[in-house]
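An overview of the molecular structure
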Amino acid sequence: MDQKALKKLVESISKTVKSFKKSEIEGLIRLFQSLMKRTTDERLNQMGLDRSAFREILHSIFGMTDDMLMDRVFFAFDKDNDSRINVNEWVKGLSVFLRGTFEEKLKFCFEVYYLNGDGYISQDEIFDMLKNSLHQQSSEEETDEGIKELVEITMKKMDYDNDGKISFADFERAVKNDRLLLEVFGPCLPEAQKCLDFEVLAFRNILNSGF
């Protein structure tokens, strides 16, 4: 990408992403381009990072290890549902990851946690997420019984309108009452130190550009 095209892209993204300076957006775009060059399929390079490549970034850079949640984070980044993370989705997603407000992170976590796109976290989804995070700690039979009890406890604590599922309004109210519930169904945001380390990586070559 030549400098003129890069500047135009930075200007476009900066209109909707306010948590990064333009020079930082440029750094994220350059890092994205560098990551894209590592993929082997040149035909797909122009389309963005696929799920496998993005999961490798989540694991190697942000220290995530949960396969189910990494997939869900991918889908939360992939706003146009084309199974690729393009450069705009990359910068916008990272703006929440690295510098999101509490409200932005609240919405992001909720998006990660509901899988079927209906805007609610179902009891089955809660069961699957809790089972996924606890599956190595005891036998499957013991785990299933324990998880069913956890699902019931969770619903009592978070399902304020008693409709058998958790809406965003339920989730928001519960988390605002107890912020420890933000990632109650598994870690989907990077640790603070990982964010700082990533910023050093992404922004280390920033120079005072003219925009």
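Report follows, based on the coordinates. (Residues numbered from 1 in each chain as written. Predicted model: local features only at pLDDT ≥ 70, side-chain atom pairs only at ≥ 80, totals over all residues. Heavy atoms only, no water.)

Digging into helix H8 (residues 123–134)
Rules: Secondary structure elements are taken from DSSP: a helix is a run of H or I of four residues or more, a strand is a run of E of two residues or more, and numbering for both begins at the N terminus. To estimate how far a helix should reach, multiply one less than its number of residues by 1.5 Å. Note on exposure labels: buried denotes an accessible area under 20% of the residue type's maximum, exposed denotes more than 50%, and partly exposed covers the range between, all computed with a 1.4 Å probe on protein chains only.
Over its 12 residues, H8 runs 16 Å from end to end, which matches the ideal 16 Å to within 8%, given 1.5 Å per residue. If you check which residues of H8 are buried, you get Glu125, Ile126, Phe127, Met129 and Leu130.

A word on the environment of Glu199
The condition that has to hold: Whether two residues are in contact is decided by their heavy atoms, any of which lying within 4.5 Å being enough.
Relative to the elements of secondary structure, Glu199 occurs in helix H11 (residues 192–203). A relative accessible area of 17% places Glu199 in the buried class. Residue contacts for Glu199: discarding those within four places in its chain leaves Leu98, Arg99 and Arg204.

Side note on the pattern of salt bridges
Heads up, the condition is: Basic side-chain nitrogens of Lys or Arg form a salt bridge, by our definition, when they fall within 4 Å of a carboxyl oxygen of Asp or Glu.
A full pass over the atoms with the stated rule returns 12 salt bridges. When the shortest N-O distance is used, the salt bridge between Asp50 and Arg84 registers 3.8 Å. On the criterion of sequence distance, the pair formed by Asp50 in the loop between helix H3 (42–45) and helix H4 (51–60) and Arg84 in the loop between helix H5 (67–77) and helix H6 (87–99) is long-range, its members being 34 residues apart. A relative accessible area of 12% means that Arg84 is categorised as buried. Close ionic contact of Arg99 with Glu199 constitutes a salt bridge, the shortest N to O distance being 2.8 Å. One end of the pair, Arg99, is in helix H6; the other, Glu199, is in helix H11, and 100 residues separate them in sequence. On the basis of relative accessibility, which here comes to 28%, the residue Arg99 falls in the partly exposed class.

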